[in-house]
Amino acid sequence: MEKNTLGIDIGSISTAMVELSPKGDIVYSSYFFHKGRVKETLAEALAETSIKDIRGIALTSSVPDIFAAGERYDSTVCIIAAAKKLHPEAGSVLIIGGEKFGLVSFDNEGSYRNYRSNSSCAAGTGSFLDQQSQRLSLNTIQEFCATAESNTGDIPRIASRCAVFAKTDLIHAQQEGYSLAEICDGLCAGLAKNVADTLFTSETPAAPMIMAGGVSRNSAVVRHLSQMTGVPIGIDELSHLYGAYGAALLHNSAEKPMLSLFSADELFAAEKKEKHYHYEPLELRLSGYPDFSSFKSYAYRPEVSGITDVETDIYIPLEKDYQVYLGIDIGSTSTKAALLDEDGSVLAGFYTRTSGRPLEAVQSIFEAIDDITRKENCVFDFRGVGTTGSGRKFIGKIIGADVMLDEITAHARAAYELDPEVDTIIEIGGQDAKFTTMKNGSVTFSIMNNVCAAGTGSFIEEQAVKLGCPLKEYSKRAEGIASPLASDRCTVFMERDLNYYLSEDYSTEEVLASVLHSVRENYLTKVAIEKNIGSKIFFQGATAKNRALVAAFEQRLGKPIMVSKFCHLTGALGAALHLIDEKITETSFRGIGLYKDKIPVNSEVCSLCNNNCKIKTAQIAGDTVAFGFLCGRDYETKKFVDENKSGFDLLKERKRLQVLSKKTKDFSFTIGIPAALHLTEELYLWKYFFNELGIKTITSEAYKNGIREGKKITGAEFCAPITEIHGHTAYLLEKADYLFLPAAFEHGHDKKIKRNYCYYTQYITSLIKSMNNIDKSKILTPVVHSLSGVNRMKKEIYRSLKKITGKISFNQVSAAYEKAAAANRVYQQRLLALYQDRKTADGINVILLGRPYTILSAAMNKGIPDIFGKEGIPVFFQDMIDKSAEEEDIQALLKAF
């Protein structure tokens, strides 16, 4: 009897096995998620095969070192072998697995040409979708895929560069009322876009393109990728097994000694590996810890509105009717509510999963409150209702909230109520982590991590799921356990280390403890400013209910960490306390009876201005509630509403001062000037200069898609300003005959002091010229900023213009520049005068400090001037302040503090 070959491919989240006959026929195949239990799950799967019939074991290079027998083959080569076997005509192979994705390209003869892959980041990978499906409370990735594929409506734009950005956009989508199917499809589209932006920026993939890896089973991702690339994508029933299949094919074609195996146990290495521990056992030694007890505690199963159970705690016997204040915290993973009496005592608390449906989550809490009134035979007279959290505006509009409070203020108010001496708040939430310092009840500093998912509660939850540990058992299993060192840089690095430790026979408990240390280190490194941590530290948020995590912070900081029995409710508690502080007695709250209503949420686009806001409308008791207007208008107001209450628009006022004289245009061509990088603050200078020469100019001041379009053409990872100028360049080359992109190296008149531009700025002209399909003769690149002096600069500009005009003289260039420089000096004086004229004498004036190309660009400043303007606060830029007066103001501020 001829024996078979067994191919095994173990990735970060899944294991694939293919048993191949000597003739190349597939006898058996298996694909399953190992959840970190690599050896155990593999042993269970091997029980389905007849080991005695195996002549050889073929392993991909990603398989951990747990085997005593077997030949290893490069993972990518294995996938190529499988793809070429099944699809000889393939022009390229797209691979998307659990933690990596890449593109294999072949030449016209079908030979290997190159391979491009992503960096070590979870965005664009199977792990990314796994994380998001768990966040949306979908039981399996298959359910997530089916939900995405069922979408028939619009999809929200969800960032996929990092899990945190995705989570933030996901919450915005929830806040805007997108359905679960639309959100799932949007996540698939975001992942596809990240892959496309990374792999297909410089060229279209060669057709036919075959897709391999676990994500190939997600039809929504495949559909979006095909639409984005314009290339049909081939999928077959073995696409997720290519690694194992290719390894077996390679082994069959090689002359390897035959194995004689009698049991699966012989496959695994028997030696015991030495363990190394970095952290001491997790134990609380300095800190007190609450027991989270309440008068009554139970899980309420909503009958009308519910999607998940509502954890309900009644803290005191409810023996009468109460005038109450309700605070609701709508977060990314959970929704909480605190019910207070008029004295500020907590009567009841509620906690449920948001599950991508914040409206239904709040309705479930309302139903739980109504259930209490029936069971406890009491009446709640609502005096005020407030919302906080990422969904506060969406929910606040619908339920008629009296206040919609930001999370920082809400948590700080609750902390002060619990202990007036608190000076530091550690908060680790589902989608972000915050660090806040306080003094006498006032926030003195606050910062939020919105860059990396590694330091958030969702990461702890995701690892618990992967390790098969119920969240309620996490703390008990991690306490008293020493653990190895794992990375704290990124979810991908962390998961890679954790999987390695599991393969090295570290226990699940040791890995669970290591996760907590990594989260703590990530928080203290990327979020908190450790030197500012005080002596009265509060740990708030639901993650504080993990006693072992609190112990990790205590172990590292050497200080007691306070945790309240209301730690999971502090946001909601703070919102309710704020209502009491404001003495709100007449409420606009629509009542908890809303849980009985089906509230339809619809989409429409407002076309009253160029914002084209995509708004959501909800129908409640005959009224239409709308949200999503950037201008803040009411639904009934059928015109654009300027919300700038300060009466001062920074960008419009600056442009108003830029006066150009009317000149005859002596040349028929146009020159484009990018409103990006150093040219942002010089736009007026160069517009004036070319105007004096009779040359028409076009700028990209109103262009808002620079970063988005720049990503498509850079072909590499750059900072936002460098990416943006690529987009502005492409935009202007379609509208102007030439592009003015002067080189800038050094700035200043004192040759002894070199003030250099950054390297990318210095070489931006070369970078732009290296773009594909660029006519280099259309780009003018004189050196305008160096220590060579003004005359050298004029000669550089003259030479550039001489090539395209043929008749311009150096004297014309010199005279035009001198006039432009003089006009620019007048413009600077006008800016100083504008500040003196428009600043408020007895109010707040905000001066924005930073690079002109970020602050003076509507596409880059994130609407910060508008935010202050809505509060009636005028905003100015740093170049509008007289330096001597500025120094006096700074000294006065220092004395005040």
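Right above here is the structure, for reference.
What comes next concerns the included structure. Bear in mind that the values here come from a model prediction, so they are computed numbers and not experimental data.

**Observations concerning the overall build of the protein chain**
Alright, step 1. When helices and strands are counted, the protein chain shows 28 helices and 35 strands.
Alright, step 2. Counting over 897 residues, the protein chain shows a buried share of 55%.
Alright, step 3. Across the protein chain, the fraction of contacts at a sequence separation of at least 24, relative to all contacts at a separation of at least 6, is 70%.
Alright, step 4. Of the accessible surface of the protein chain, which amounts to about 39,800 Å², a share of 49% is contributed by carbon and sulfur atoms.

**Here we look at the sheet that holds strand β15 (residues 346-353)**
Alright, step 1. Reading across the sheet, the seven strands line up as β11-β12-β15-β14-β13-β16-β17 and stay open at both edges, with mixed pairing between neighbours. A strand with exactly one partner marks an edge of an open sheet, and here the two such strands are β11 (296-300) and β17 (403-404).
Alright, step 2. One ladder, built from four bridges, connects strand β12 (residues 310-314) with β15; its direction is antiparallel. Opposite I314, over in β15, you have A348 as the bridge partner.
Alright, step 3. Those strands touched by helix α9 (residues 358-375) are β11, β12, β13 (322-330), β14 (334-341), β15 and β16 (380-388), and its axis lies near 140° from that of β15.

**Notes on the pattern of salt bridges**
Alright, step 1. The final tally for this structure, using the stated rule, is 31 salt bridges.
Alright, step 2. Between E701 and K687 there is a salt bridge, with its nearest N and O atoms 3.4 Å apart. With a gap of 14 residues between them, E701 in the loop between β27 (696-699) and α20 (706-714) and K687 in helix α19 (residues 683-692) connect regions that are remote in the sequence.
Alright, step 3. K687 sits in the buried class, given a relative accessible area of 12%.
Alright, step 4. It is possible to trace a salt-bridge network through shared partners that takes in D370, D371, R374 and K375.

**Points about the packing of aromatic side chains**
Alright, step 1. According to the stated counting rule, one finds 24 aromatic pairs in the structure shown.
Alright, step 2. Judged by centre distance (5.7 Å) and plane angle (75°), the rings of Y289 and F292 are edge-to-face.
Alright, step 3. Relative accessible area serves as the criterion here: at 21%, Y289 is assigned to the partly exposed category.
Alright, step 4. Grouped by ring-pair contacts, the aromatic residues W686, F689, F690, F740 and Y817 constitute a single cluster.
Alright, step 5. Between K275 and the ring centre of Y506, over which it is positioned, the NZ or CZ distance is 5.6 Å.

**Considering the pairing of β27**
Alright, step 1. Looking at chain direction, strand β26 (residues 670-673) and β27 are connected through four bridges and run parallel. Its bridge partner lying in β27, G672 is registered against I698.
Alright, step 2. For the handedness criterion, the β-α-β arrangement of β26, α19 and β27 is classed as right-handed.

**Notes on the nonpolar core**
Alright, step 1. Within the largest apolar cluster, 62 residues are counted, with the highest numbers of intra-cluster contacts made by I671, W686, F689, F690, I797, L801 and M880.
Alright, step 2. Tallying contributions element by element places helix α25 (residues 810-838) first for this core, with ten residues.
Alright, step 3. Aside from chain neighbours lying at most four places away, what touches L801 is I671, F689, F690, L693, L780, G806, I808 and V813.
Alright, step 4. Core analysis: the next-biggest nonpolar cluster, separate from the first, contains 43 residues, Y474, I537, L557 and C567 among them.

**Some remarks on the sheet that holds strand β4 (residues 54-60)**
Alright, step 1. Pairing is mixed in the open sheet, where five strands are placed in the order β3-β2-β1-β4-β5. Both edges of this open sheet fall to β3 (26-33) and β5 (71-73), since each of them pairs with a single strand only. Geometrically, the sheet is characterised by an average inter-axis angle of 20° between neighbouring strands, direction not taken into account.
Alright, step 2. Here strand β2 (residues 14-20) runs beside β3; their pairing, made up of seven bridges, is antiparallel. By the bridge assignment for β3, M17 is matched with S30.

**So, the side chain of S800**
Alright, step 1. By the element assignment, S800 lies in helix α24 (residues 790-805).
Alright, step 2. Take S800: its relative accessible area is 16%, and that puts it in the buried class.

**Re the packing of α24 against α25**
Between two packed helices, both the angle of their axes relative to each other and the distance between the axes serve to describe the pair.
Alright, step 1. Remark: α24 packs on α25, axes separated minimally by 9 Å, with the N-to-C direction vectors making an angle of 120°. By the criterion of interaxial angle, the relationship of α24 to α25 is oblique. Where α24 crosses over α25, the two elements pack in a sense that is right-handed. Taken together, the residues of α25 that come into contact with α24 (itself represented by V790, M793, K794, K795, I797, Y798 and L801) are F810, V813, S814, Y817 and E818.
Alright, step 2. Of the residues contributing to the contact of α24 with α25, the split by class is eight nonpolar, one polar and three charged.

**Overview of the state of the cysteines**
Alright, step 1. By the definition in use, this model includes zero disulfides.
Alright, step 2. Among the cysteines around C184, which has no disulfide bond, C188 carries the closest sulfur, lying 7.1 Å off.

**Considering helix α15 (residues 508-526)**
Alright, step 1. Counted at 1.5 Å a residue, the expected span for α15 with its 19 residues is 27 Å, and the 27 Å between its end C-alpha atoms agrees.
Alright, step 2. Taken across its 19 residues, α15 has 16 buried, putting it largely inside the fold.

**Some remarks on the side chain of H785**
Alright, step 1. Examined against the element boundaries, H785 turns out to sit in strand β33 (residues 783-785).
Alright, step 2. Reaching out from H785, the side chain makes a polar contact with the side chain of E682 at a distance of 2.5 Å.

**What about unusual backbone geometry?**
Alright, step 1. Put simply, A207 and P208 share a cis peptide bond, and its omega is -5°.
Alright, step 2. With respect to the helices and strands, the residue P208 is situated in the loop between α6 (180-199) and β9 (209-212).
Alright, step 3. Backbone geometry places N440, a non-glycine residue, at a positive phi of 55°.
Alright, step 4. By the element assignment, N440 lies in the loop between β19 (433-439) and β20 (442-449).
Alright, step 5. Note on N440: relative accessible area 68%, which makes it exposed.
Alright, step 6. The phi dihedral of L677 is positive, around 50°, even though this residue is not glycine.
Alright, step 7. Summarising the element assignment, L677 is placed in the loop between β26 and α19.

**Notes on the environment of G230**
Alright, step 1. Relative to the helices and strands, G230 is located in the loop between α7 (219-229) and β10 (233-234).
Alright, step 2. Here G230 falls in the exposed class, since its relative accessible area comes to 60%.
Alright, step 3. G230 sits 23 residues away from A207 along the chain, and the two C-alpha atoms are 9.9 Å apart.

**Focus: the environment of G243**
Alright, step 1. Considering the arrangement of structural elements, one finds G243 in helix α8 (residues 242-253).
Alright, step 2. By relative accessible area, which is 5% here, G243 ends up buried.
Alright, step 3. Sequence separation between G243 and S75 is 168 residues; the distance between their C-alpha atoms is 6.2 Å.
Alright, step 4. With residues near it in sequence (within four places) discarded, G243 still touches D9, T60, C78 and I79.

**Re α24**
Alright, step 1. Across its 16 residues, α24 extends 22 Å between first and last C-alpha, which sits within 8% of the 22 Å expected from 1.5 Å per residue.
Alright, step 2. Taken together, the buried positions of α24 are M793, K794, E796, I797, S800, L801, I804 and T805. One face of α24 carries all of its buried residues, which in axial projection span an arc of 160°. More than 90 degrees from the buried face of α24, the exposed residues found are N791 and K803.
Alright, step 3. Looking at the buried positions of α24, the neighbouring elements they touch are β26, α19, β28 (738-740), β32 (779-780), β33 and α25.
Alright, step 4. Remark: G806 follows α24 within two positions and exhibits a positive phi of approximately 80°.

Thresholds, definitions, all that
- Residues numbered from 1 in each chain as written.
- Predicted model: local features only at pLDDT ≥ 70, side-chain atom pairs only at ≥ 80, totals over all residues.
- Heavy atoms only, no water.
- Helix = DSSP H or I, 4+ residues; strand = E, 2+ residues; numbered from the N terminus.
- Buried < 20%, exposed > 50% of the residue type's maximum accessible area, 1.4 Å probe, protein only.
- Contact = heavy atoms within 4.5 Å.
- Areas by Shrake-Rupley, 256 points an atom, 1.4 Å probe, with all protein chains shown as cover.
- Pairing = 2+ DSSP bridges.
- Axes fitted to C-alpha atoms, helices over the stretch in contact; angles between N-to-C directions.
- Salt bridge = Lys/Arg side-chain N within 4 Å of Asp/Glu carboxyl O.
- Phe/Tyr/Trp six-rings, centres within 6.5 Å; stacked < 30°, edge-to-face > 60°.
- Lys NZ or Arg CZ within 6 Å of the ring centre and 35° of its normal.
- Right-handed = clockwise from strand over helix to strand, strands pointing away.
- Core = buried A, V, L, I, M, F, W, Y, C linked by side-chain atoms within 4.5 Å.
- Parallel < 35°, antiparallel > 145°, perpendicular 65-115°, else oblique.
- Left-handed = near helix turned anticlockwise from the far one by under 90°.
- Nonpolar A, V, L, I, M, F, W, Y, C, P; charged D, E, K, R; others polar.
- Disulfide = S-S within 2.5 Å.
- Expected span 1.5 Å × (residues − 1).
- Polar contact = N/O pair within 3.5 Å; in protein donor to acceptor, adjacent residues only side chain to side chain.
- Arc of directions from axis to C-beta.

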